[in-house]
Each structure stands twice: as C-alpha cells, then as structure tokens.
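Spelled out from the first residue to the last, the chains are:
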Amino acid sequence: MMRNDELAVWAQVRGTLAQIAGWLGDGPHGEEALAELMAGFDAGFAMVAPSGARLDWQGLRAFFQGAAGSRPGLEIALERMTLLMGDGDAATVAYYETQTLGDGSGNSRHATAVLFRDGTNWRWRHLQETGEAVWPPR
C-alpha cells in the first residue's frame, strides 16, 4: 500500500471516530449529521462490539439514533495504530482506543477494522472490538 493510501485510511479512521465522539457526545445530532456519519460505513458493514453483540449497518444506525448525546463530553483517543494489511483497495488496521467522558469515567478497547476503497473514499466494512479489562488504562 502506498504511503498516501495509508494516510487516507488513518484519516478515515480518525475522522469517523471524531464524528462518533460528537454524535454520542455533545453534537451535532441532526439527521444530516447522522447521514454524514453513516456514509463512512459500507452497506455490508458488520461489527462485533466489546459485549459480543453483532451489528450490521442498520443495527449500527439504530444504535446511533438511540444513543445520540448519551455520553456528554466524550473524547476518543487512538494509540498503537498499525496497518496490518494494505492491498490497493482494502486495508486491515489495528488500534487501541480510549473513550473518556466529561466526568472522567471511560473505557478502552482494542480494535481491528477492515476498510475498502469506494472510488476515492474509504468505508468501514468490518469492526471487531475487545474491551480492556481495567480502567483507567495502564
């Protein structure tokens, strides 16, 4: 994978997580913001959450609709970002994510994601998250 492609993949990951932090946190929360957020996910998207729950694209959208503004002050930080595989129009990435709420509580998780290029845009196809057992993270 060319360096510019890798940078574009990481920009998509960071951008999506910033949108999620806004959506779950302090906003914006309108239909336009939700549509913009969901545009980053492929129609065939599938996710396994830290709880083991499985979500497809529709399930993720329903989750976001119900959780808008539910985590005031949410901030999401990324560490240990690694490109596991990049093959032209596909990339598999791993990262460590820490979510911190305005009151200082939060959680951390390890994530592995598969993204596909759709024209000039990268879209999320699959996400597997595993929760960290301790808080705050070490």
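Above this text sits the structure in question.
The notes below deal with the structure included here. This one's a predicted model, so the numbers in the text were calculated from it and none came from an experiment. (Residues numbered from 1 in each chain as written. Predicted model: local features only at pLDDT ≥ 70, side-chain atom pairs only at ≥ 80, totals over all residues. Heavy atoms only, no water.)

### So, the pairing of strand β4 (residues 90-100)
Here comes step 1: Among the 11 residues of β4, 10 are classified as buried, and the element is accordingly described as predominantly covered.
Here comes step 2: Linkage of strand β3 (residues 75-86) to β4, two consecutive antiparallel strands, is achieved through a turn of three residues, within which G88 is found at a positive phi near 70°.
Here comes step 3: Strand direction decides the pairing type here: β4 and strand β5 (residues 106-118), joined by 11 bridges, are antiparallel. Directly across from T92, in β5, lies its bridge partner V114.
Here comes step 4: Between β4 and β5, which pair antiparallel one after the other, the connecting turn spans five residues, and G104 there sits at a positive phi close to 95°. (Buried < 20%, exposed > 50% of the residue type's maximum accessible area, 1.4 Å probe, protein only. Helix = DSSP H or I, 4+ residues; strand = E, 2+ residues; numbered from the N terminus. Pairing = 2+ DSSP bridges.)

### Regarding the packing of aromatic side chains
Here comes step 1: A full pass over the atoms with the stated rule returns three aromatic pairs.
Here comes step 2: Judged by centre distance (5.9 Å) and plane angle (35°), the ring pair of F41 and W124 falls under tilted. Note that F41 is positioned in strand β1 (residues 41-48) and W124 in strand β6 (residues 121-131), a separation of 83 residues in sequence.
Here comes step 3: Of the residues examined, F41 reaches a relative accessible area of 7% and is grouped as buried. (Phe/Tyr/Trp six-rings, centres within 6.5 Å; stacked < 30°, edge-to-face > 60°.)

### With respect to the sheet that holds β1
Here comes step 1: Strands sit in the order β2-β1-β6-β5-β4-β3 across an open sheet of six strands; the sheet is mixed. The strands lining the two open edges of the sheet, one partner per strand, are β2 (54-56) and β3. On average, each strand axis in the sheet is tilted by 15° relative to the strand beside it, whichever way the strands run.
Here comes step 2: Sheet topology note: the β5/β6 ladder contains 10 bridges and is antiparallel. Each bridged residue has a counterpart across the sheet, and for D118 the counterpart in β6 is N121.
Here comes step 3: Along the sheet face, helix α1 (residues 3-24) touches β1, β3, β4, β5 and β6 and points at about 150° away from the line of β3.
Here comes step 4: Helix α3 (residues 57-67) contacts β1 and β2 of the sheet and is inclined by roughly 75° relative to β1. (Axes fitted to C-alpha atoms, helices over the stretch in contact; angles between N-to-C directions. Contact = heavy atoms within 4.5 Å.)

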